[in-house]
Amino acid sequence: MDRSAEFRRWKAQCLSKADLSRKGSVDEDVVEIVQLLNAREQFFTTSSCAGRILLLDGGINGLGVQKQNCCWLLVTHIPCVKDDVMVALKKAKGDAVFKFEPFVLHVQCQQLQDAQMLHSVAIDSGFRNSGITVGKRGKTMLAVRSTHGLEVPLSHKGKLMVTEEYIDFLLNIANQKMEENKKRIERFYNCLQLALEREEIINSHTQKEKNNPFCTPKKKRNPEKTHGKCIPEENDKEPENDDDSDPGITVAIFPKDY
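Looking at an unreviewed UniProt entry, one finds the chain named tRNA wybutosine-synthesizing protein 3 homolog and attributed to Sciurus vulgaris. A UniProt comment under Catalytic activity (unreviewed entry) is attached to the chain, and it reads "4-demethyl-7-[(3S)-3-amino-3-carboxypropyl]wyosine(37) in tRNA(Phe) + S-adenosyl-L-methionine = 7-[(3S)-3-amino-3-carboxypropyl]wyosine(37) in tRNA(Phe) + S-adenosyl-L-homocysteine + H(+)". We quote the UniProt Pathway (unreviewed entry) comment for the chain here in full: "tRNA modification; wybutosine-tRNA(Phe) biosynthesis."

So, in structure tokens, the structure goes:
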């Protein structure tokens, strides 16, 4: 099976599966992004979260809070108020942790160059922790991530360890991060639209050149021959190695199939 056919099979399988997230559907703030990417043949999304405020109740063994082994006391995708947190904290029996988790998006890409384009969009939109991984079977995955999260313990063995004033302070910070997160999502969507439109124009122009046998690129005159010396222009400079000049793109090869 050729790579394009295999990618189409992966995409069909992924998009036909039921949404197994706790919410069971795509968050409203990222629906347009998910739809835009899945409508393109070279992309499909595997998971997403628009960003949320959480209050988790973990165990009391000091091993920290793991989402799969804890009780979700509170979860919201909109700014939160102190009363909601205080009511939820009364249900805590272990170590309650207050968290803000920013927007995250995972996109499988047909080719590495597709992932690099999305990576540039993510970085330009403020998601500086984004990265690319390439699996052993050739699966190329882009993760859109940022670093402006928040995680603070509030109680231990069911006992509140901070004051209500401090909780109010934390909420103000978390709500500010939520608003900034929403702005970055909007910026990402706008940048993504522009990047895809630009890619369409380039591909259309390239295809026209291929289909027109009389369309051949003009050769530039050699300035060295015509003037005795070469004065390079900015647009005529040879590009440097893309891998060395593209900071932030990390390609990790998985040791096993995933």
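Trainee: Can you lay out the packing of aromatic side chains for me, pointing to particular residues and giving the numbers?
Mentor: In total, this model carries five aromatic pairs according to the counting rule given. A ring pair is formed by Phe 7 and Phe 44, whose centres lie 5.4 Å apart and whose planes are at 50 degrees; its orientation type is tilted. Of this pair, Phe 7 sits in helix H1 (residues 3–16) while Phe 44 sits in strand S1 (residues 43–49), and the two are 37 residues apart along the sequence. As far as the burial class goes, Phe 7 and Phe 44 line up, both buried. Note on Phe 103 and Phe 188: the rings are 6.1 Å apart at their centroids and 55 degrees apart in plane angle, and the pair reads as tilted. Of this pair, Phe 103 sits in the loop between strand S4 (95–101) and strand S5 (104–109) while Phe 188 is found in helix H5 (residues 164–211), placing the two residues 85 residues apart along the sequence. Of the residues examined, Phe 103 reaches a relative accessible area of 1% and is grouped as buried. An aromatic cluster of at least three residues, connected via ring pairs, comprises Phe 103, Phe 127 and Phe 188.

Trainee: Go over the environment of Thr 46 with me, naming the residues and quoting the values.
Mentor: Here Thr 46 lies in strand S1. Note on Thr 46: relative accessible area 36%, which makes it partly exposed. A C-alpha to C-alpha distance of 10.0 Å links Thr 46 and Ala 143, two positions 97 residues apart in sequence. Those residues in contact with Thr 46 that sit more than four places away from it in its chain are Cys 14, His 106, Gln 108 and Met 141.

Trainee: Please give an account of the sheet that holds strand S8 (residues 150–153) that cites residues and values.
Mentor: Pairing within the open sheet is antiparallel, and its four strands lie in the order S3-S2-S4-S8. Among the strands making up the open sheet, the edge pair consists of strand S3 (71–76) and S8. In this sheet, adjacent strand axes meet at a mean angle of 15 degrees when their direction is disregarded. Where S4 meets S8, four bridges bridge the pair, whose relative direction is antiparallel. The residue bridging Phe 100 from the neighbouring strand is Leu 150, located in S8. Against the sheet, helix H3 (residues 82–89) contacts strand S2 (52–58), S3 and S4, and its axis sits at roughly 170 degrees relative to S3.

Trainee: I'd like to hear about the nonpolar core, residue by residue, with values.
Mentor: Judged by nonpolar contacts, the single largest core of 26 residues is most densely connected at Ile 33, Leu 105, Leu 118, Phe 188 and Leu 192. Looking at this core, the elements that each hand over two or more residues are helix H2 (31–38), S5, helix H4 (112–124), strand S7 (140–144) and H5. A per-element tally of this core places H5 first, with six residues. With residues up to four places along the chain from it excluded, the contact list for Leu 118 reads Leu 37, Phe 43, Val 107, Cys 109, Leu 142, Phe 188 and Leu 192. Counting residues in each nonpolar core, the second largest holds 22 residues, with Ile 53, Cys 80, Leu 170 and Met 178 among its members.

Here is what the cut-offs are and how they apply
- Residues numbered from 1 in each chain as written.
- Predicted model: local features only at pLDDT ≥ 70, side-chain atom pairs only at ≥ 80, totals over all residues.
- Heavy atoms only, no water.
- UniProt positions renumbered as here; feature names shortened; annotations may be inferred.
- Phe/Tyr/Trp six-rings, centres within 6.5 Å; stacked < 30°, edge-to-face > 60°.
- Helix = DSSP H or I, 4+ residues; strand = E, 2+ residues; numbered from the N terminus.
- Buried < 20%, exposed > 50% of the residue type's maximum accessible area, 1.4 Å probe, protein only.
- Contact = heavy atoms within 4.5 Å.
- Pairing = 2+ DSSP bridges.
- Axes fitted to C-alpha atoms, helices over the stretch in contact; angles between N-to-C directions.
- Core = buried A, V, L, I, M, F, W, Y, C linked by side-chain atoms within 4.5 Å.

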